[in-house]
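Chain by chain, the residues:
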Amino acid sequence: MPGDSEPSSTQRILLVTGLSGAGKTTALQVLEDLGWEAIDNFPVRLLAGLVGGDKNPTPLAIGFDSRTRGFAPAEIIALCKQLDTGADIELTTLFIDCASGELERRYNETRRPHPMARGRPALDGIKAERELLEPLRRWAEIVVDTSDFSSNQLQQVIRESFSDTAERAMTVTVSSFGFARGMPPLADLLFDMRFLDNPHWVPELREKTGLDEAVGSHIAADPSFEPAFKRIVALITELLPRYAAQGRSYLNIAFGCTGGRHRSVYSAERAAEVLRKAGFSPTVIHRNLGSRPADPLERR
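Residues numbered from 1 in each chain as written. Predicted model: local features only at pLDDT ≥ 70, side-chain atom pairs only at ≥ 80, totals over all residues. Heavy atoms only, no water.

Asker: Can you break down the sheet that holds strand S3 (residues 60–63) residue by residue, with the values?
Answerer: Reading across the sheet, the 5 strands line up as S2-S3-S1-S4-S5 and stay open at both edges, with parallel pairing between neighbours. The sheet terminates laterally at strand S2 (37–40) and strand S5 (142–145), the two strands that pair on one side only. Ignoring which end each strand starts from, the neighbouring axes of this sheet average 20° apart. Relative to S3, S2 runs parallel, the two being bridged by 4 bridges. Looking across to S3, one finds that Ala-38 is bridged to Ala-61. (Pairing = 2+ DSSP bridges. Helix = DSSP H or I, 4+ residues; strand = E, 2+ residues; numbered from the N terminus. Axes fitted to C-alpha atoms, helices over the stretch in contact; angles between N-to-C directions.)

Encoded structure:
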C-alpha cells in the first residue's frame, strides 16, 4: 500500500447535477477554486474518454443537467455504474436540489426562461424537470437542498464537503499608498493614517521613509498612534478568519497617508508584523515609496 505521502493514482470524479437554478454553476465554480478540473454541460456518454492515462490525475468535476445534449438519466446511471467498477476510479454524484416555489421565485426575479418551460410558466418547466431528474436524485450519494441557502452558504457547504485536508490559504496583501496620488482600486479594508503627526514637516525626516527607524520612532511617539493602531489590528485579526470562511481567495488591506512614504508605510509594516505573528503570511507592497516627497497643502 502506498504511504500517506505518496500521491494517489485514483481518479476522483464528481458528477454535479440538479434542478436548473438550484446552484450547479456556483458549485462548479467553488470546486474549480478548490483545484478540481471543472467541466459544465459535458456529454456524459463521452465520460469514459476522460478517465485514465494520468498517474496523478486531477480531481474532475463534471456538470450536467436537462440542457446537456443526449441527456437520459437511465443511460447516465448505467454508464456510471460501469465506470465505477474500475479500481482506479472514485465516482461520486452530487445532486443540487431546491424547492419548486423557491426556484419559481428565482426565475421570476431574474426574468430568465426555464429551459423546460417552452413558453409556459416557469413552474411547469420546474415540475417537468423534477420528474425527469428524479432517478438521478434517488441515485446520488450526496443531495444538497439550497431552498434556504444564499449563494455564500452554498459555497461554504461545497468547500467543507470537497476541499482536501485544508482549504486553500487566502492571499493577504498589506499595502501603503498616498492619497495625493489616488486611491487604491482594490482595497477591501482601508485605514486613513493622516490623523498622525506628519514626518514630512520635520526637515531631517522629509527625505526618509517609514522604513527608516527615525521615522518609525517619530510616528510611534505620537500619542494617538498606539491606541488607534491596537484597535486597527484587533479589527483586522478578527475579520480575516471570517473572510476566509466566506471563501475569499484574496484580501487587500491598505494604509494611506498624504504622500504614501511615511505614516502609511510604517503602519503597513507594523500591521504585517502582527499578522505574521498571528499565523498569516501577508505580502507587503508600498505603492508610493519610490515617489518624490509630496507637498501637502495642509499640515496633516
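Asker: Give a description of the layout of surface pockets that names residues and reports values.
Answerer: Here the largest pocket is characterised by a volume of approximately 560 Å³. In terms of lining residues, the largest pocket is bounded by 25 residues, among which Ser-20, Gly-21, Ala-22, Gly-23 and Arg-112 are the most central. Of all the secondary structure elements, the ones that give two or more residues to the lining of the largest pocket are helix H1 (24–33), helix H3 (100–110) and helix H5 (151–162). (1 Å grid on protein atoms, 1.4 Å probe; cavity = no way out; pocket = protein on both sides within 12 Å on 5 of 7 lines; lining within 4 Å. Points joined across faces, edges and corners; volume = space filled by probe spheres on them.)

Asker: Any details on the sheet that holds strand S6 (residues 171–178)? Residues and values, ideally.
Answerer: On the basis of which strands lie adjacent, the open sheet formed by 4 strands has the order S7-S8-S6-S9 and parallel pairing. Looking at which strands have only one partner, the edges of the open sheet turn out to be strand S7 (189–192) and strand S9 (283–286). Here the average twist between neighbouring strands, direction ignored, is 15°. Bridge count for S7 against strand S8 (residues 250–257) is 4 bridges, and the pairing is parallel. From the neighbouring strand, Leu-189 faces S8, where its bridge partner is Ile-253.

Asker: Any chance you could break down the packing of aromatic side chains for me, citing the residues and the numbers?
Answerer: Across all of its chains, the model carries 5 aromatic pairs by this definition. Centre to centre, the rings of Phe-225 and Phe-229 are 5.1 Å apart; their planes meet at 15°, and the pair counts as stacked. Note that Phe-225 and Phe-229 are positioned in helix H8 (residues 225–245) at a spacing of 4 residues, about one turn of the helix. Phe-229 shares its class with Phe-225; the two are buried. Taken together, the ring pairs connect Phe-225, Phe-229 and Tyr-266 into an aromatic cluster. Positioned above the aromatic ring of Phe-179, the side-chain terminus of Arg-194 is 3.7 Å from the ring centre. (Phe/Tyr/Trp six-rings, centres within 6.5 Å; stacked < 30°, edge-to-face > 60°. Buried < 20%, exposed > 50% of the residue type's maximum accessible area, 1.4 Å probe, protein only. Lys NZ or Arg CZ within 6 Å of the ring centre and 35° of its normal.)

Asker: Break down the nonpolar core for me, citing the residues and quoting the values.
Answerer: Judged by nonpolar contacts, the single largest core of 40 residues is most densely connected at Leu-15, Val-16, Leu-31, Leu-91, Leu-94, Leu-136 and Ile-158. Looking at this core, the elements that each hand over two or more residues are strand S1 (11–18), H1, S3, helix H2 (73–83), strand S4 (89–97), helix H4 (122–139) and H5. Not counting residues within four places of it along the chain, the set of residues in contact with Ile-158 comprises Ala-27, Val-30, Leu-31, Leu-34, Leu-94 and Ser-163. Ranked by size, the runner-up nonpolar core spans 24 residues in total, among them Leu-196, Ile-236, Leu-251 and Phe-255. (Core = buried A, V, L, I, M, F, W, Y, C linked by side-chain atoms within 4.5 Å. Contact = heavy atoms within 4.5 Å.)

Asker: Give me the lowdown on the pairing of S4, citing residues and values where you can.
Answerer: Strand residues, when the strand is regular, have side chains that alternate between the two faces of the sheet. The buried fraction of S4 is high, at 8 of 9 residues. Relative to S4, S1 runs parallel, the two sharing 8 bridges. Bridged to Val-16 within S4 is Leu-94. Sheet analysis places S4 next to S5, joined by 4 bridges and oriented parallel.

Asker: Residue-level account of the packing of H8 against helix H9 (residues 263–277), with values.
Answerer: At their nearest, the axes of H8 and H9 sit 11 Å apart, and the two run at 50° to each other. Viewed along their axes, H8 and H9 adopt a mutual orientation that is oblique. Considering how the two elements wind past one another, H8 and H9 form a crossing that is right-handed. Facing H8, whose interface residues are Phe-225, Glu-226, Phe-229, Val-233, Ile-236, Thr-237 and Leu-240, H9 presents Tyr-266, Ser-267, Arg-270, Ala-271, Val-274 and Leu-275. (Parallel < 35°, antiparallel > 145°, perpendicular 65-115°, else oblique. Left-handed = near helix turned anticlockwise from the far one by under 90°.)

Asker: Now, about the environment of His-286: what can you tell me, with residues and values included?
Answerer: Mapping His-286 onto the fold places it in strand S9. For His-286, a relative accessible area of 17% corresponds to the buried category. Considering only alpha carbons, one finds His-286 and Gly-260, 26 residues apart in sequence, at a separation of 7.8 Å. Apart from residues no more than four positions distant in its own chain, His-286 is found in contact with Ser-176, Leu-211, Val-265, Ala-268 and Glu-269.

Asker: Describe the side chain of Thr-17, and please don't skip the residues or the numbers.
Answerer: Tracing the chain through its elements places Thr-17 in strand S1. We classify Thr-17 as buried; its relative accessible area is 0%. Residues in contact with Thr-17, not counting those within four places in the same chain, are Lys-24, Phe-64, Asp-65, Thr-93, Leu-94, Phe-95, Ile-96, Leu-133 and Leu-136.

Asker: Give a description of the pattern of salt bridges that names residues and reports values.
Answerer: A full pass over the atoms with the stated rule returns 12 salt bridges. A salt bridge links Glu-134 to Arg-138; its shortest N-O distance comes to 4.0 Å. In this pair, Glu-134 and Arg-138 both sit in helix H4, 4 residues apart, roughly one turn of the helix. For Arg-138, a relative accessible area of 62% translates into the label exposed. Between Arg-270 and Glu-226 there is a salt bridge, and its shortest N-O distance comes to 3.7 Å. Of this pair, Arg-270 sits in helix H9 while Glu-226 sits in helix H8, placing them 44 residues apart in sequence. The class for Glu-226 is partly exposed, based on a relative accessible area of 29%. Because the salt bridges share partners, they merge into one network encompassing Glu-102, Arg-105, Arg-106 and Glu-109. (Salt bridge = Lys/Arg side-chain N within 4 Å of Asp/Glu carboxyl O.)

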